[in-house]
Amino acid sequence: MREPTDPLRQTPATAAHASPNAVQNSEPLNKTLRNIGIAAGAGVFLALVGAMGMDSLPLTTRLLYWVPLMVGGSGVAHIITIAMGRFPRLSENPWVFGALLSSALTLPITLIVWLYTTWMVGTDLNWRVIPQITGSVFIICVAMTAIMILVNWPGRVTHAPPAGAPVPSIRFMERLPPKLRGAVIYAVSSEDHYLRLHTSKGSDLILMRLSDAIGELEGLEGAQTHRSWWVAKDAVESSRRDGDKMVLVLKGGVEAPVSRPNVRPLREAGWF
């Protein structure tokens, strides 16, 4: 996702039912509200199960404890994520990023939990309980970070070689069924344990995981637009909105969905 496509591929504002600027400006707010909603939902769940030995307290007290605590924790995570974003290499692997983020969150949130519990429950907590709190906080941080990554992290990107560089051998091309040999790949989509290949010569199924296929598609300019779709950039003819969802219209009439975390990166890369 390095070079913009031909401006003629851009979808008119009327087709998207909103101006590009309005849609783009709403994305950060929608993402923030979505993350707050996830954190609040996690707080409700922890209150219902009586996490950290609070099952003897009234449900109302547990809700007033866990929901603000989880929402506040998401705010701390947001600040630390921005700080970590200053080091782009940390973001190359989402799970390495998640492990570092969980570790960075554990100490400040442990302190917040300790102070908030003292104030909320009215119990003087001894410093000796901090190791126990730290373990519980770390587990919650890992779980919440994993959820946020799955919800918000953009899909993987593959790149074509720079202009003038030798054309690499695309490993995935060797997997094409005989009837599709020599075809141009438009997209690859998951169907249960199979992948459907959308090409200039039609479509067919092969047995393979999408994550492995994306690794072998390196050398073609494309992106994972959705958890179950990889799309070649040159195959995109137009885009449209289907309600609050973005859809890419490909050569041959195939339509590929774009998940919310991928809308902004693809727009900035000139896909639509």
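Given the structure is predicted, the values throughout are model-derived calculations rather than measurements.

Criteria and thresholds
Residues numbered from 1 in each chain as written. Predicted model: local features only at pLDDT ≥ 70, side-chain atom pairs only at ≥ 80, totals over all residues. Heavy atoms only, no water. Helix = DSSP H or I, 4+ residues; strand = E, 2+ residues; numbered from the N terminus. Buried < 20%, exposed > 50% of the residue type's maximum accessible area, 1.4 Å probe, protein only. Contact = heavy atoms within 4.5 Å. Areas by Shrake-Rupley, 256 points an atom, 1.4 Å probe, with all protein chains shown as cover. Core = buried A, V, L, I, M, F, W, Y, C linked by side-chain atoms within 4.5 Å. Patch = residues over 30% accessible without salt bridge, like charges linked within 9 Å, V, L, I, M, F, W, Y side chains within 5 Å. Salt bridge = Lys/Arg side-chain N within 4 Å of Asp/Glu carboxyl O. Pairing = 2+ DSSP bridges. Axes fitted to C-alpha atoms, helices over the stretch in contact; angles between N-to-C directions. pLDDT = per-residue confidence, 0-100. Phe/Tyr/Trp six-rings, centres within 6.5 Å; stacked < 30°, edge-to-face > 60°.

We now examine the overall build of the protein chain. Counting its regular elements, the protein chain contains seven helices and nine strands. A total of 272 residues make up the protein chain; the buried ones form 38% of that total. For the protein chain, restricting intrachain contacts to residue pairs at least 6 apart in sequence, the fraction spanning at least 24 positions comes to 56%. When the accessible surface of the protein chain is totalled, it reaches about 15,500 Å², and 61% of it is carbon and sulfur.

Tyr65, Trp66, Met70, Leu105, Ile109, Val113 and Met144 are the most contacted members of the largest nonpolar core, which has 28 residues in total. Contributions of two or more residues to this core are made by helix H2 (20-49), helix H3 (59-84), helix H4 (94-121) and helix H5 (130-152). Among the elements that make up this core, the one with the highest residue count is H3 (eight residues). With residues near it in sequence (within four places) discarded, leucine 105 still touches Val76, Ala77, Ile80, Cys141 and Thr145.

What follows is about a nonpolar patch on the surface. There is a patch of nonpolar side chains on the surface, built from Val44, Phe45, Leu48, Val49 and Leu59 and spanning about 450 Å² of accessible area. For the nonpolar patch, the element with the highest residue contribution is H2, accounting for four residues. Considering the arrangement of structural elements, one finds valine 44 in helix H2.

Attention shifts here to the sheet that holds strand E7 (residues 236-242). Strand order across the open sheet formed by three strands is E7-E8-E9, with antiparallel pairing between neighbours. Looking at strand neighbours, the two that pair on one side only are E7 and strand E9 (255-258), the edges of this open sheet. This sheet shows a mean twist of 30 degrees between the axes of neighbouring strands, independent of strand direction. Here strand E8 (residues 245-250) pairs with E9 via four bridges, running antiparallel. By the bridge assignment for E9, leucine 248 is matched with alanine 256. The sheet strands contacting helix H7 (residues 260-268) are E7, E8 and E9, and the helix crosses E9 at an angle near 105 degrees.

To continue, consider the confidence of the model for the protein chain. On average, residues of the protein chain score 84 in pLDDT, and 86% of them are at 70 or above. Overall, residues 1-25 carries pLDDT values under 50, and its contacts beyond four positions in sequence, including any with other chains, amount to 41 contacts.

Let us look at the sheet that holds strand E3 (residues 194-199). With respect to topology, six strands assemble into an open sheet ordered E1-E5-E6-E2-E3-E4, the strand pairing being antiparallel. Looking at which strands have only one partner, the edges of the open sheet turn out to be strand E1 (157-158) and strand E4 (202-207). The pairing of strand E2 (residues 185-191) with E3 spans six bridges and is classified as antiparallel. Considered in E3, the bridge of isoleucine 185 is made with threonine 199.

Moving on to the packing of aromatic side chains. Scanning the model with the defined rule gives three aromatic pairs in all. Arranged with centres 5.1 Å apart and planes meeting at 90 degrees, the rings of tyrosine 65 and tryptophan 66 form a pair that is edge-to-face. In terms of burial, tyrosine 65 and tryptophan 66 fall into one category: buried. Among the aromatic residues, those joined into a ring-pair cluster are Tyr65, Trp66, Tyr116 and Trp119.

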